[in-house]
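One-letter residues, chain by chain:
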Amino acid sequence: MAAAGGGAREEEEEREVVRVRVKKREGFLQPEFRTFAVDPQITSLDVLQHILIRAFDLNGKKNFGISYLGQEKQGQETYLSLLSDWDLATAFASASQPYLQLLVDIKPSEDSPLLEDWDIISPKDVISTDLLLVEKRSLAAAALPFTQSIISQVGRTLSKVQQALSWSYGEDVKPFKPPLSDSEFHTYLNHEGQLSRPEELRLRIYHGGVEPSLRKVVWRYLLNVYPDGLTGQERMNYMKRKTREYDQLKGQWAERASPEDLDFVRSNVLKDVLRTDRTHPYYAGSEDNPHLTALHDLLTTYAVTHPQLSYCQGMSDIASPILAVMDNEAHAFICFCGIMKRLEGNFQVDGEVMSLKFSHLKLLLQYSDPEFYAYLLSRGADDFFFCYRWLLLELKREFAFEDALRMLEITWSSLPPDPPEKEVELVGPPVRLSESGQPVRQRHMLRPTCSFEETGDRSQRSMEEEEDFCSEQDPLLHLPAMTKSFSAPSLRPLTPPTPSRDSASSPSPLPGSEKNESLPEEKGDLAGDTPSSPPSSPLPATPPPAAVSLPPPQEFGKGNPFMLFLCLAILLEHRDHIMKNNMDYNELAMHFDRLVRRHNLAKVLHRAKALFADYLQSEVWDSEEGDEAAAESPAVS
C-alpha cells in the first residue's frame with residue numbers, strides 16, 4: 001500500500017509540470033520545433049496561444065490552428081483539435097506522457113480592410129472571446145486602487161507562476177497573463193463603446209501589459225486623456241478637437257514667449273532631444289529625423305504653454321515613449337499633458353515632491369531590509385541620491401526601450417483612474433508677475449534641487465555656464481554637487497532618534513558621512529574638487545529595528561506606491577553583489593550608472609509585485625485614512 005501511495009504521489013507531482021513539444025507547420029517552409037514546460041493548473045488555452053506566439057515569433061499572426069497528438073475512439077493516434085480549455089484539460093490528462101505533442105498549423109492570412117481608428121468599434125462588432133478571469137472590485141477598492149484585489153490574485157498565483165513556465169528557449173520569467181488583446185479590450189466597453197469597467201481594465205493590464213498594436217488606444221485611458229462616459233464616436237471627435245487646439249498652440253510660440261525666452265527653450269530642448277533614445281529605430285539616424293523634430297516641437301510647445309514650469313531635463317525621456325507609441329505629434333502632446341498633470345511636481349524648482357519620494361524610498365528599504373539599509377548608512381549612501389534618475393523619470397531609463405514601455409504601462413495601471421472632469425488641459429497657469437509687474441518665466445533647464453541646499457559654486461553659476469554644463473553630457477546620469485541636508489518634510493528625518501515612536505529615526509551617520517559632504521558632479525570629476533566618499537569601514541552590527549510604519553497607497557510615493565517597489569526590487573536584485581564587493585558610495589553610483597537600460601524587467605517586475613502584495617496585505621499603514629480604506633476593501637477569500 002505504501003508503495004502504491006508513493007506512486008500516486010509521484011504521478012500527482014509529475015502532473016504539476018507538463019513537458020510540451022511543438023511542431024510548427026507553415027506551407028512549404030521547413031517545420032520548426034520548440035520544447036518547454038507548463039503548469040497545467042494555471043495554463044489556459046489563451047495562455048498557451050500566447051506562449052506559442054512568443055515561442056515561434058509569430059509577430060501577431062493569429063490565424064493558426066493548434067492540435068495535439070491523441071488517440072481516437074478506435075485507439076489510433078491522430079492530431080485532435082484544441083478549441084477550448086476543456087480540450088486542453090483532456091490533452092493534459094490523457095496525452096501528456098511522456099510529453100504533450102502539439103502541432104501548430106499557420107494558415108494563410110485573409111485580406112481585411114484597415115481601420116483608421118478602430119477605437120469606434122463597439123463590442124457587438126467584435127467576435128466575442130473567452131475572458132481571462134478578472135475579479136470584480138467594489139467602489140472602496142477602486143478608490144484605493146490595489147488592495148485585496150491584487151492580494152487575492154497575486155498571492156494565489158505568484159508561487160505557481162514562478163515555478164510553472166520553465167522555458168527552454170529563454171531565461172525570462174513570463175508575465176502572469178498574456179498582454180491585453182484588442183478583442184479582449186472591447187469586452188470592457190458597453191454597447192455604446194463607453195469604458196464601463198475602468199478599474200478592472202487597469203487590473204488586467206497590471207497582470208499582463210498591453211499588446212503593442214493596442215497601446216496607442218489604451219494608453220490614452222491610462223494617461224487620463226478621456227473624460228468619463230465618452231462613446232467611440234465622441235472619443236474620435238474629442239481627439240480631433242484637441243488636435244486642432246494643439247496645432248493652434250504650436251503656431252503661437254512667438255505670441256506666448258519673448259524671442260530671448262523662446263531661443264533659450266528651443267536650444268535646451270534640442271540638446272536633450274538629440275540624445276534621447278537615439279539608438280531606438282524610431283529616433284535613430286540623422287538629426288533631421290522627423291520624429292526628432294516632432295519630439296522637439298511638442299516639448300517646446302509644452303514649455304511655452306506652461307511658463308511656470310517651462311522645460312526641465314528629463315521631460316524628453318517622459319515624452320519619448322509616448323510619441324513612439326502614438327506616432328502622432330498632436331496625440332503625443334495631449335497624452336504628455338495628461339501624464340505631466342501627475343508628474344509636474346517632479347520638476348518643480350522647490351523639489352518638495354522629489355524630497356518626499358526620496359524619504360519614502362529610504363523608509364521602504366529600512367522597513368524591508370534593515371541590514372542592507374544599515375550597510376548603505378555606513379557607506380554614506382542612505383540619502384539615495386544614486387536613485388535620483390529612477391524617481392525623476394519613474395524608471396523609464398533603467399530598462400531597454402521596449403521593456404520600458406511595458407514597465408510604464410504596468411506602473412500606470414497600478415494607479416486609480418483619474419479622468420479629467422471636462423477635458424485634459426493643454427495650457428498651464430500663466431506666469432507669475434515680479435515686483436515690477438513684469439511676467440517672470442521659469443528658465444531652469446537643470447532638474448530641480450530636491451529641497452537640498454546647493455553649494456555656493458552652483459548657486460553662483462551663470463546662465464551661460466549652466467547651458468554649457470547641460471550640453472557636455474547627459475546630466476541625469478550624474479548629480480550636481482549637493483549637500484545631504486533635507487529641507488522638505490520627511491518621514492524619517494536624519495536626526496538622532498528620540499524615544500517617541502512617531503519620531504523614530506535612522507541611526508546617526510558614521511564618521512566621514514557628515515551632512516556637509518558633497519556628491520560628485522560628473523563621472524570624470526570623481527577625483528576632482530568634490531570630497532571623497534566615506535571610507536569603506538567594516539559593517540557595524542545592525543541595530544535593533546525600530547517600529548516602522550509605511551504610508552498608505554494613496555500617499556506612498558506621492559500616490560504612486562508601485563514605482564517605489566520597482567525601485568526596491570532593483571536594489572534587492574543587486575544587494576548581495578554590492579555588499580559582497582564592499583562598494584563605497586562612488587562605486588555604488590557608478591555600478592547603477594553602468595546598468596542603465598540593462599535591468600532584467602521580468603525579474604524586477606515579479607519581485608516588485610510580490611513585495612507590493614506583501615505591503616498591501618500587511619498592517620504597516622500609518623494613516624487613519626489608509627486603515628479605513630483597507631477595512632472597506634473586499635476580504636481575501
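So, a few notes on the structure that sits alongside this text. (Residues numbered from 1 in each chain as written. Predicted model: local features only at pLDDT ≥ 70, side-chain atom pairs only at ≥ 80, totals over all residues. Heavy atoms only, no water.)

Counting its regular elements, the protein contains 25 helices and ten strands. Residues classed as buried in the protein amount to 54% of the 637 residues present. Of all intrachain contacts in the protein linking residues separated by at least 6 positions in sequence, the fraction that spans at least 24 positions is 76%. Counting only carbon and sulfur atoms, one obtains 50% of the accessible surface of the protein, whose full area is about 29800 Å². (Helix = DSSP H or I, 4+ residues; strand = E, 2+ residues; numbered from the N terminus. Buried < 20%, exposed > 50% of the residue type's maximum accessible area, 1.4 Å probe, protein only. Contact = heavy atoms within 4.5 Å. Areas by Shrake-Rupley, 256 points an atom, 1.4 Å probe, with all protein chains shown as cover.)

What follows is about the packing of helix H8 (residues 215-222) against helix H18 (residues 401-413). Viewed as axis vectors pointing N to C, H8 and H18 meet at an angle of 35°, and their least axial separation amounts to 10 Å. The two elements H8 and H18 meet at a crossing, and its hand is left-handed. Along its contact with H8, which presents Arg215, Trp219 and Leu222, the element H18 presents Glu402, Leu405, Arg406, Glu409, Trp412 and Ser413. Across the contact of H8 with H18, the residue classes tally to four nonpolar, one polar and four charged. (Axes fitted to C-alpha atoms, helices over the stretch in contact; angles between N-to-C directions. Left-handed = near helix turned anticlockwise from the far one by under 90°. Nonpolar A, V, L, I, M, F, W, Y, C, P; charged D, E, K, R; others polar.)

Attention shifts here to helix H13 (residues 315-326). For H13, with twelve residues, the first-to-last C-alpha span of 17 Å sits near the 16 Å given by 1.5 Å per residue. Regarding H13, the residues found buried are Met315, Ser316, Asp317, Ile318, Ala319, Ser320, Pro321, Ile322, Leu323, Ala324, Val325 and Met326. On its buried side, H13 packs onto H8, helix H11 (259-273), helix H12 (290-305), helix H14 (329-343) and H18. Positioned one or two residues after H13, Asp327 has a phi angle of 55°, which is positive. (Expected span 1.5 Å × (residues − 1).)

It is worth spelling out unusual backbone geometry at this point. Non-glycine residue Asn224 carries a positive phi angle of around 60°. Topologically, Asn224 is positioned in the loop between H8 and helix H9 (232-250). We note that Glu394 has phi near 50°; this positive angle belongs to a residue other than glycine. Take Glu394: it is sitting in the loop between helix H17 (388-392) and H18. Its relative accessible area of 3% is what places Glu394 among the buried residues.

Relative orientation of the contacting elements H18 and helix H24 (residues 601-617) amounts to 15°, with a least axis distance of 11 Å. Comparing the axis directions of H18 and H24 gives the class roughly parallel. Both H18 and H24 take part in a crossing whose hand is right-handed. In contact with Asp403, Arg406, Met407 and Ile410 of H18, H24 contributes Leu601, Leu605 and Lys609. Tallied by class, residues from the contact of H18 with H24 come to four nonpolar, no polar and three charged. (Parallel < 35°, antiparallel > 145°, perpendicular 65-115°, else oblique.)

Moving on to the pairing of strand S3 (residues 64-71). Within S3, six of the eight residues are buried, leaving the element largely enclosed by the surrounding structure. Where S3 meets strand S4 (residues 77-81), five bridges bridge the pair, whose relative direction is antiparallel. Residue pairing across strands places Gln71 opposite Glu77, the latter belonging to S4. What sits between the antiparallel neighbours S3 and S4 is a turn of five residues, in which Gly75 has the positive phi angle 90°. (Pairing = 2+ DSSP bridges.)

A full pass over the atoms with the stated rule returns 25 salt bridges. One salt bridge in this structure joins Lys24 and Glu26, with 3.5 Å as the shortest N-O distance. Judged by relative accessible area, Lys24 falls into the buried class, the value being 6%. Residue Glu26 is classed as buried on the basis of its relative accessible area, which comes to 19%. For Arg25, the salt bridge identified is with Asp105, shortest N-O distance 2.9 Å. In this pair, Arg25 sits in strand S1 (residues 18-25) while Asp105 sits in strand S5 (residues 100-106), placing the two residues 80 residues apart along the sequence. On the basis of relative accessibility, which here comes to 37%, the residue Arg25 falls in the partly exposed class. It is possible to trace a salt-bridge network through shared partners that takes in Lys24, Glu26, Glu32 and Arg34. (Salt bridge = Lys/Arg side-chain N within 4 Å of Asp/Glu carboxyl O.)

All right, on to the pairing of strand S2 (residues 32-38) then. Bridge count for S1 against S2 is seven bridges, and the pairing is antiparallel. Bridge pairing in S2 links Val20 to Phe36. Following S1, the chain reverses through six residues before pairing antiparallel with S2; Gly27 in that reversal takes a positive phi of roughly 55°.

Right, let's talk about the layout of surface pockets for a bit. The space that makes up the second largest pocket amounts to roughly 590 Å³. Counting residues per element, the lining of the second largest pocket draws most heavily on H14, at six residues. Tallied by class, the residues present in the lining of the second largest pocket amount to 19 nonpolar, seven polar and seven charged. (1 Å grid on protein atoms, 1.4 Å probe; cavity = no way out; pocket = protein on both sides within 12 Å on 5 of 7 lines; lining within 4 Å. Points joined across faces, edges and corners; volume = space filled by probe spheres on them.)

In this section: the state of the cysteines. Scanning the model with the defined rule gives zero disulfides in all. As a non-bridged cysteine, Cys337 has Cys335 as the owner of its nearest cysteine sulfur, 9.3 Å distant. You can call Cys337 buried: its relative accessible area is 5%. The structure places no disulfide on Cys567, whose sulfur is separated from the nearest cysteine sulfur, that of Cys387, by 6.3 Å. Looking at Cys567, the relative accessible area reads 0%, which means it is buried. (Disulfide = S-S within 2.5 Å.)

Structural measurements only, silent on function.
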